[in-house]
Amino acid sequence: MRAGGAVLDHGAQFFTVRSDAFAAFVDELARAELAYEWCRGFEVEDGYPRYAVRGGMDRLAAHLGAGLAGAEGVEVRLGTEVAAVSPGAEGWRVRWPGGQLTAAAVLSTAPVPRSLALLDAGGTELDGGVGPGLRALEYHRVLAVLARLDRPSAVPEPGGRQLSDGLFSFVADNQRKGISAKPAVTLHASHGLSAARWEDDPEATLVDLVAEARPWLGDAAVLDAELVPWRYSGPVEPWPERACAAAVAPGPLVLAGDAFGGPKVEGAFLSGLAAAERLLADG
Ligand SMILES: Cc1cc2nc3c(=O)[nH]c(=O)nc-3n(C[C@H](O)[C@H](O)[C@H](O)COP(=O)(O)OP(=O)(O)OC[C@H]3O[C@@H](n4cnc5c(N)ncnc54)[C@H](O)[C@@H]3O)c2cc1C
């Protein structure tokens, strides 16, 4: 997110690497001067690199998508919210307000409840067995506070703290982290607090959270602040497989994303790979 010369990561703050496949991808990102090692721990160094993305996490998606637009037979539609996926005689019918297309295969990496809503809206029957489990998947919620400051915050080096108790689960100084030219902080409310305040008036919640954040802000004045609600911030219990075939007719229909096999950025990456393998095998 960009505002008034500041760059703020509002969702994922960093990622770690455990698998060889993700390590190879992160090497590629580092060679492209996109990913960099932010630190090896926050309060205490543990030797494991935490990576961030120059210019903000959203550049990762842009990097992954680069080259798709313009490739033969590929049509990219950004900012298009799909409304329904239904089986048709020629293949899957994918509809959105004002348009539709027919597809031989469908891969949805939206949060599972969103994917299921698309299938339900299209009258798509889920394959035997997977429906009840998918419908039972639950997600954590996170309320994120983004604030631009008139001077550096009090978040200590390396510009981040992971907190196991208290009102916030993570606090980050985006400038100290190295992605923002201007002072700006991101604070994630804990799962418990986020759930408790989810239905409250957002403006009142923002005022309260900014007041609670004061120890992390030091003597900086808040220039402006925003509350970002993340309804699907990560699965409470991930699905046991990396990807899930939800239907086979009129073509493969695969669900993937961070709810499958393991959460976080690396989990989403590995799920995407598994989904691609599944589509190639079934398609
Ligand atoms: C507050 C927060 C903090 C986090 N911190 C970390 C962290 O520090 N480290 C880490 O590794 N991970 C972190 N995560 C988790 C990480 O962001 C996710 O695991 C990862 O982004 C999941 O990727 P994904 O592709 O599965 O889903 P998403 O990133 O959620 O992408 C799903 C996409 O589907 C789109 N979509 C949904 N419905 C539709 C529709 N109907 N039509 C079209 N598109 C649709 C959405 O717009 C979205 O772009 C954090 C997440 C949150 C919310």
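Rules used throughout
- In every chain, residue numbers begin from 1 and rise along the written sequence.
- Note on the predicted model: pLDDT of at least 70 is required for a residue's local features to be given, and 80 or more for side-chain atom pairs to be given and counted; whole-chain, interface and lining totals, by contrast, use all residues.
- Side-chain figures throughout are based on the complete set of non-hydrogen atoms in the structure, without hydrogens or water.
- The secondary structure listing takes helices from DSSP runs of H or I that are at least 4 residues long and strands from runs of E that are at least 2 residues long, numbered from the N terminus.
- We call a residue buried when its accessible area falls under 20% of the maximum for its residue type, exposed when it is over 50%, and partly exposed in between, using a 1.4 Å probe and counting protein chains only.
- Polar contacts here mean pairs of N or O atoms no more than 3.5 Å apart (in protein, one a potential hydrogen donor and the other a potential acceptor; neighbouring residues in sequence count only if both atoms are side-chain atoms).
- We call two residues contacting when some pair of their heavy atoms lies within 4.5 Å.
- By definition, two strands form a pair when at least two bridges between them are found by DSSP.
- Interaxial angle, 0 to 180 degrees, is taken between N-to-C directions of lines fitted to C-alpha atoms, where a helix line uses only the stretch in contact.
- An automatic or database domain assignment supplies the residue ranges for each domain.
- Note on terms: buried area is the combined drop in 1.4 Å-probe accessible area of two parts once they are placed together, counting the loss on both.
- Whether two aromatic rings pair depends on their centres lying within 6.5 Å, for rings of Phe, Tyr and Trp, where Trp uses its six-membered ring; planes under 30 degrees apart make the pair stacked, over 60 edge-to-face, and the rest tilted.

Draft legend 1. Local environment of the side chain of R50. The residue R50 is located in strand 4 (residues 50-53) in this model. The class for R50 is buried, based on a relative accessible area of 10%. Of note is the side chain of R50, whose polar atom sits 2.7 Å from the side chain of D46. Polar side-chain contacts of R50 include one of 2.7 Å to the backbone oxygen of Y48.

Draft legend 2. Broad picture of the environment of H140. Note that H140 resides in strand 9 (residues 139-149). Between the C-alpha atom of H140 and that of Y232, which follows or precedes it by 92 residues, the distance is 6.1 Å. The residues touching H140, leaving out its near neighbours within four places in the chain, are H191, W230, R231, Y232, S233, G234, P235 and V236.

Draft legend 3. Broad picture of the environment of G261. Relative to the helices and strands, G261 resides in the loop between strand 15 (253-255) and helix 9 (264-282). Along the backbone, G261 and F15 are 246 residues apart, and their C-alpha atoms lie at a distance of 16 Å.

Draft legend 4. The sheet that holds strand 6 (residues 92-96), seen in detail. Pairing is antiparallel in the open sheet, where three strands are placed in the order 5-6-7. Of all the strands in the sheet, the pair left with one neighbour each is strand 5 (84-87) and strand 7 (99-103). Ignoring which end each strand starts from, the neighbouring axes of this sheet average 20° apart. Direction of pairing for strand 6 relative to strand 7: antiparallel, over a ladder of five bridges. Within strand 7, the residue paired with W96 across the bridge is G99.

Draft legend 5. Region of interest: the domain arrangement of the protein. The domain boundaries assigned to the protein delineate domain 1 (2-63 + 138-235) and domain 2 (85-137 + 237-282). Taken over C-alpha atoms, the centre of domain 1 sits 29 Å from the centre of domain 2. Listed as interface residues are 16 residues of domain 1 and, on the opposing side, 16 residues of domain 2. Between domain 1 and domain 2 lies a buried interface of about 1300 Å² when both sides are counted; carbon and sulfur atoms form 68% of it. The largest share of the area that domain 1 buries against domain 2 comes from Y139, Y232 and P235, three residues that together contribute 47% of it. If you look at where domain 1 meets domain 2, you find four residue pairs in polar contact (both at pLDDT 80 or more). For the side of domain 1 that touches domain 2, the secondary structure elements donating two or more residues are helix 1 (20-31) and strand 13 (222-235). In terms of residues, the side of domain 1 that touches domain 2 owes the most to one element, strand 13, which gives four residues.

Draft legend 6. Structural context of the packing of aromatic side chains. With the rule as written, the count across this model stands at 13 aromatic pairs. A centroid spacing of 5.6 Å and a plane angle of 65° characterise the contact between F15 and F22, whose relative ring orientation is edge-to-face. Under the relative-accessibility criterion, F15 is labelled buried at 2%. Joined through ring pairs, the aromatic side chains of F15, F22, F25, Y51 and F269 make up one cluster.

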